[in-house]
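Here is how the chains run, residue by residue.
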Amino acid sequence: MVVLIEQSRNDLRFFVSELLAPHPQVEAVVSTRRGGVSTGAFASLNLGGKTADAPDNVRENRRRVAALFGRNATQLTFARQVHGAHIAHVPAGHPGGAFDNVDALITDAKDTPLVILTADCAAIFMYDVTHHAIGIAHAGWRGTVVQIAAHTVQHMHEAFGTEPRDIVACVGPSIGPCCYEVGEEVIAAVIDAFPDDTDELLLEPDMASAGSFRASVNEDHKHFDLWRANERVLISAGVPDTQVEVSRLCTACHTDLFYSHRAEKGVTGRFGGVMMLR
């Protein structure tokens, strides 16, 4: 297990990847909920524009995060996520904004910050150390079973010549197996997508590590290990296991640091995975 490195700057708390940190050509940050201006359920660094938070607060929060990268908020590039497998190639000179109906972004353009918003799903960071290209993907259970991370690796190969062996990857904070109770729909999808890893990915409630938040245990439900599943997807796509970092920070256990849609019953903000080439 590799632990993310916690840092702060200008009152913002954020995490950086231990595997990506030694590469000066790329910056990758996981924001937290600390260091912004939002209040109430959205306190304080909510980046989610589709939440019920005040738009002016979200704009100011985005400005603060963009400033970590030396960029303006308008230069942030977002994916309007739909829990699918579509990927957008962000070209050089892109002015910022959002790509509709995609769950991953790739680019080899410098000074172009890519953003994935989450509140229990995982942001997955990928950096090609040879071609200096990046990808960032959004993986909830739907994105995981359609293997959005593997599709992102393939799109990077087609666009930039990326070889999986040259990728360094990080699976960011998300809801952990301790707290991620799932029912019949998810169980069936996981069995179909990972037939050889079912016992490893679908855990009995008493086999999952106890978290500070636990959904009510139903006898026909299991706990899904979103972290391990995405690690398996990356390794199966050809990324060496020594180059895959899994944060193992559960958003539902750590609502002091992260927003959690499940633990906070849907009334919450969004934190961000942000990645940019220098």
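Everything here concerns the structure above.
Residues numbered from 1 in each chain as written. Predicted model: local features only at pLDDT ≥ 70, side-chain atom pairs only at ≥ 80, totals over all residues. Heavy atoms only, no water.

Colleague: Which parts of the structure should I look at to understand the overall build of the protein chain?
Modeller: For the protein chain, the helix and strand inventory stands at six helices and 16 strands. The globule rule puts the C-alpha radius of gyration for 278 residues at 19 Å, and the 17 Å found for the protein chain is close to it. On the principal axes, the C-alpha backbone points of the protein chain span a range of 50 × 45 × 30 Å. Looking at the 278 residues of the protein chain, the share that counts as buried comes to 55%. Sequence-distant contacts in the protein chain: of pairs separated by 6 or more residues, those separated by 24 or more amount to 64%. (Helix = DSSP H or I, 4+ residues; strand = E, 2+ residues; numbered from the N terminus. Rg over C-alpha atoms; globule rule 2.2 N^0.38 Å. Buried < 20%, exposed > 50% of the residue type's maximum accessible area, 1.4 Å probe, protein only. Contact = heavy atoms within 4.5 Å.)

Colleague: I tried to follow the state of the cysteines on my own but got confused; where do I start?
Modeller: Disulfide: a covalent bond connecting the sulfur atoms of a pair of cysteines. This model, assessed by the stated rule, comprises zero disulfides. For Cys170, which is in no disulfide, the shortest distance to another cysteine sulfur is to Cys250 and amounts to 16 Å. Overall, the relative accessible area of 1% leaves Cys170 in the buried class. Free of any disulfide, Cys250 has its nearest neighbouring cysteine sulfur in Cys178, separated by 3.7 Å. (Disulfide = S-S within 2.5 Å.)

Colleague: It is not clear to me how helix α4 (residues 184-193) should be interpreted in this structure. Could you clarify?
Modeller: In an α-helix, one turn spans 3.6 residues, which is why side chains three or four residues apart end up on the same side. When we look at burial in α4, the residues that qualify are Val186, Ile187, Ala189, Val190 and Ala193. Buried residues along α4 cover an arc of 165 degrees about the axis, so they all sit on one side. Across from the buried face of α4, at angles greater than 90 degrees, the exposed residues are Glu184, Glu185 and Asp192. Those residues of α4 that are buried lie in contact with α2 (141-145), β12 (181-182), α5 (198-201), β13 (202-203) and β14 (222-224). (Arc of directions from axis to C-beta.)

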